[in-house]
Amino acid sequence: MTSTDLPRSEVNIDWNNLGFSYIRTDYRYLAHWRDGAWQAGELTGDNVLHISEGSTALHYGQQCFEGLKAYRCKDGSINLFRADQNAARMSRSCERLLMPEVPAEMFIEACKQVVKANEHFIPPYGTGGSLYLRPFVIGVGDNIGVRSAPEFIFSVFAIPVGPYFKGGLVPTNFVTSMYDRAAPNGTGAAKVGGNYAASLLPGAEAKKRHFGDVIYLDPATHTKIEEVGSANFFAITKDGKKFVTPKSPSILPSITKYSLLHLAEKRMGLQVEEGDVYIDQLDQYGEAGACGTAAVVTPIGGIQNGDDFHVFYSETEVGPITRRLYDELVGIQYGDKDAPEGWIIKV
Ligand SMILES: *Cc1c(COP(=O)(O)O)cnc(C)c1O
């Protein structure tokens, strides 16, 4: 049976009031790694995994994941944004955690199958929503010692999500923390659950103080900005000429961030720099933002660091360069603007 022949449930979703929460869609892709190889994957309607109580994913954090989106275009076609980059990044995460890499072709094929089989869950063009894909690899199978798992699962599921901003771009305030999300030579550059487990407490503390999330400082010296809990950081110098973003081995390299960096340089004529952004030298920047698949481009109003509160452009309004970056990126994702070579995979 091809994915377009699969029976479909009736979808009853208020597209204009979608948030970011779990919604069970009809099909997910599931493949097992056994006897040293990935077995043929298939779509399944079952959204519950049955795994050994000894699975390394449960005890030793041997797991990684990805996040990417499929967009409904004006002409009815479906865009996947830079899925090859997610495939490459998941390979690097698997390598770091001693898990078998999922070949890029298998990763992209799985994403396409899941999008096609759940096509009726893709929010219509113009609602600002998209179909969020969550690929992941977990170590499973009977085990107790600290070692790599005997078996693995690769799965991709999909969830319709609403726009990150309902009423237009609104700046968010962030706060620094005494905690780190990753160690200097740890797993910060891998998209693994352990980094997120470490960020739950500082994230909850930040939210209790009414900040959007934590801005993590470099774990070695706590003097430089690294990234937000689940998004990368960028800033624009006060003269409006340079796009600056931190460079560090403990940052998770955001595909959105590198896309913005490319657009800033090639389409907006800005200079671009990956370098140090010192937390006590934020006066040089006129705008700042957080970026990622979920956050898209979130303007940063201000950052609280100890007793200091630094406001960039405004706490209530988005700066002009941040707005242009957002418009350019989102225009490409929905197919309204020409994409750089290879950025869009049609489903
Ligand atoms: C996934 C993620 C990001 C954003 O990466 P994108 O590829 O842009 O979605 C940023 N920081 C962390 C820690 C992440 O896990």
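Residues numbered from 1 in each chain as written. Predicted model: local features only at pLDDT ≥ 70, side-chain atom pairs only at ≥ 80, totals over all residues. Heavy atoms only, no water.

The protein appears in an unreviewed UniProt entry as Branched-chain-amino-acid aminotransferase from Deinococcus xinjiangensis. Quoted verbatim from the Cofactor (unreviewed entry) field of the UniProt record, the comment on the protein reads "pyridoxal 5'-phosphate". For the record of the protein, the UniProt heading Sequence similarities (unreviewed entry) holds the text "Belongs to the class-IV pyridoxal-phosphate-dependent aminotransferase family." (UniProt positions renumbered as here; feature names shortened; annotations may be inferred.)

## Some words on the packing of helix α5 (residues 255-266) against helix α6 (residues 320-333)
Two numbers describe how α5 lies on α6: the axes approach to 10 Å, and their chain directions differ by 110°. Relative to α6, the element α5 is oriented roughly perpendicular. Judged by the sense of rotation from one axis to the other, the crossing of α5 with α6 is right-handed. Of the residues in α6, those touching α5 at Thr256, Ser259, Leu260, Leu263 and Ala264 are Leu325, Glu328, Leu329 and Ile332. Residues belonging to the contact of α5 with α6 are distributed by class as follows: six nonpolar, two polar and one charged. (Axes fitted to C-alpha atoms, helices over the stretch in contact; angles between N-to-C directions. Helix = DSSP H or I, 4+ residues; strand = E, 2+ residues; numbered from the N terminus. Parallel < 35°, antiparallel > 145°, perpendicular 65-115°, else oblique. Left-handed = near helix turned anticlockwise from the far one by under 90°. Contact = heavy atoms within 4.5 Å. Nonpolar A, V, L, I, M, F, W, Y, C, P; charged D, E, K, R; others polar.)

## Some details on the environment of Cys73
Within the secondary structure layout, Cys73 lies in the loop between β5 (68-72) and β6 (78-81). Spatially, the C-alpha atom of Cys73 lies 33 Å from that of Glu274, the residues being 201 residues apart in sequence. Beyond its immediate sequence surroundings of up to four residues, Cys73 is in contact with Asn79, Tyr125, Tyr334, Gly335 and Lys346.

## Focus on the environment of Trp15
Mapping Trp15 onto the fold places it in the segment before β1 (28-34). Remark: the alpha-carbon pair of Trp15 and Pro124, spanning 109 residues in sequence, is separated by 7.6 Å. Setting aside chain neighbours within four positions, we find Trp15 in contact with His120, Phe121, Ile122, Pro123, Pro124, Thr127 and Pro160.

## Quick look at empty space enclosed by the protein
In this approach the atoms are scanned with a rolling probe the size of a water molecule, which exposes any empty space left behind. For the structure on display, the rule yields three cavities of 30 Å³ or more. Computed from the structure, the largest cavity encloses a volume of approximately 100 Å³. What lines the largest cavity is Gly67, Leu68, Lys69, Tyr71, Phe81, Asn86, Ile255, Thr256, Gly292, Thr293, Val296 and Gln333. Among the secondary structure elements, those contributing two or more residues to the lining of the largest cavity are β5 and α5. Among the elements that take part in the lining of the largest cavity, β5 stands out by supplying three residues, more than any other. Looking at the lining of the largest cavity residue by residue, the class counts come to five nonpolar, six polar and one charged. Two domains each donate at least three residues to the lining of the largest cavity, and these are domain 1 (15-162) and domain 2 (172-333). (1 Å grid on protein atoms, 1.4 Å probe; cavity = no way out; pocket = protein on both sides within 12 Å on 5 of 7 lines; lining within 4 Å. Points joined across faces, edges and corners; volume = space filled by probe spheres on them. Domains from an automatic or database assignment.)

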